[in-house]
Amino acid sequence: MARKAATREQLAGAARAALGSGRRLEAVERVVGGSKKGVYRLVMDDATTAIAYLWSDAENYWPAAEHDDDLTDPFSPGSGLDLFQAAHARLESLGVRVPALRLIDRDGSHGPAGLAIVEDVQGENLEAFLARDRSAAAPVMARLAESLEAMRGHRAPVYGKVAVVDGGERSRGTSCEGVVLDRALRDLTEAASRDSRVADARDRLRERLFDLAAAVSPRAEYAVVHGELGPDHVLVDAEGNPVLIDIEGLMYFDVEWEHVFLRIRLHDAYQPLSASGLDGDRLALYTLAQRLSLTAGPLRLLDGDFPDRDFMAGIAEYNLKRALESAHA
């Protein structure tokens, strides 16, 4: 069933509050992407624009799953205004570029509840930039590396979502690697229930996960990581600065988790972002865990009415094959 887009009438009051009462909202355009929230470009009558983020059940394509509402689970869905606001504040405090806030509407005073309006960074995303001209993207990658280093340099003695940790609470589990192992085992079970190839290799993959987890040494400090920092989650502004978006999953965690995700998404374009001192045992465990996550997650999303089905199926198939290779390592 197709989702019903937010309308100009619904967002007109919020747009005026965010951008000035002398302007009138001319158009609302749904922006491609956003599987957990609605993303809309607001176009005013003087051509001023902004981006509206809308968190609601009607905008979330993901089928409900266990632990969805448990914010003490670092990997529960990174969705919601509270998570966004905490992540935005933390990244700004570290000097990491994020879209500037124009309005937060928590209770529906100006329109739908659970709404944020932010700066419209109209440059292309890093994925498109790299595909068009990798050499021209080199300064952006260098600045992104600086942002990652700033995030890595901010430490916490406990892991978990930034909103949870900065709020003085603790996450469940005893270690990052333990949380990752538990999640990977759930993803393995879920993927096996949807694809016979994973089911056939399930025992080997399970044994491989336990072997990799057993090799990881304890750690007592954790860095700020985006969690899903693919090149599609980095915009490039007019000055060539990287701008992080989809930040609700921001957490204190092992920095290796971030770099595994970057390696998977960027392939040979990753090199400018490489960092010294990463733990090889964590990298090995987290690579297999993310392959399983990028198999199970897209397959679960396809149970619903997510529109770009071929794209999501391709993600699942690619990572499924890489995970199966690990079963024979």
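Everything that follows concerns the structure shown earlier in this document.
Residues numbered from 1 in each chain as written. Predicted model: local features only at pLDDT ≥ 70, side-chain atom pairs only at ≥ 80, totals over all residues. Heavy atoms only, no water.

(A) Inspection of the pattern of salt bridges at higher detail. Applying the stated criterion across every chain yields a total of 30 salt bridges. Ionic pairing is found between Arg-41 and Asp-120, a salt bridge with its closest N-O pair at 2.7 Å. Here Arg-41, found in strand β2 (residues 38–44), pairs with Asp-120, found in the loop between β5 (115–119) and α3 (126–132); they are 79 residues apart in sequence, far enough to count as distant. Here Arg-132 and Glu-124 are joined by a salt bridge, their closest N and O atoms 2.4 Å apart. Salt bridges sharing partners connect three or more residues here, namely Glu-177, Arg-219, Asp-254, Glu-256, Asp-279 and Arg-282. (Salt bridge = Lys/Arg side-chain N within 4 Å of Asp/Glu carboxyl O. Helix = DSSP H or I, 4+ residues; strand = E, 2+ residues; numbered from the N terminus.)

(B) A look at the sheet that holds strand β6 (residues 155–156). Pairing is antiparallel in the open sheet, where 4 strands are placed in the order β6-β8-β11-β7. Both outer strands of the open sheet, β6 and β7 (160–161), are each paired with one neighbouring strand and no more. Two strands pair when backbone bridges link them, and β6 and strand β8 (residues 222–225) are joined in this way by 2 bridges, in the antiparallel orientation. Bridge pairing in β8 places Ala-156 opposite Tyr-222. (Pairing = 2+ DSSP bridges.)

(C) Region of interest: the side chain of Asp-254. Mapped onto the elements of the fold, Asp-254 is located in the loop between β11 (251–253) and α9 (255–266). Residue class for Asp-254 comes out buried when judged on its relative accessible area of 1%. Those residues in contact with Asp-254 that sit more than four places away from it in its chain are Cys-176, Glu-177, Arg-219, Tyr-222, Val-225, Arg-282 and Tyr-286. (Buried < 20%, exposed > 50% of the residue type's maximum accessible area, 1.4 Å probe, protein only. Contact = heavy atoms within 4.5 Å.)

(D) Helix α1 (residues 8–19), seen in detail. For α1, the complete set of buried residues consists of Leu-11, Ala-12, Ala-14, Ala-15, Ala-18 and Leu-19. Packed against the buried residues of α1 are β1 (25–30), β2, β3 (49–54), β4 (101–105) and β5. Residue Gly-20 follows α1 closely and has a positive phi angle near 115°.

(E) Focus on the environment of Ala-163. Examined against the element boundaries, Ala-163 turns out to sit in helix α5 (residues 162–165). Separated by 80 residues in sequence, Ala-163 and Leu-83 have C-alpha atoms that sit 5.7 Å apart. Apart from the residues within four sequence positions on either side, Ala-163 is in contact with Asp-82, Leu-83 and Ala-86.

(F) Region of the structure containing the packing of helix α10 (residues 280–301) against helix α11 (residues 309–327). Close contact between α10 and α11 brings their axes to 8 Å; oriented N to C, the two are set at 145°. Of the two elements, α10 crosses α11, and the hand of that crossing is left-handed. Listed contacts from α11 to Leu-288, Arg-291, Leu-292, Leu-294, Thr-295, Pro-298, Leu-299 and Leu-301 of α10 are Met-312, Ile-315, Ala-316, Tyr-318, Asn-319, Leu-320, Arg-322, Ala-323 and Ser-326. Here the contact of α10 with α11 is composed, by residue class, of 12 nonpolar, 3 polar and 2 charged. (Axes fitted to C-alpha atoms, helices over the stretch in contact; angles between N-to-C directions. Left-handed = near helix turned anticlockwise from the far one by under 90°. Nonpolar A, V, L, I, M, F, W, Y, C, P; charged D, E, K, R; others polar.)

The quantities given are spatial measurements derived from coordinates; they are silent on function.
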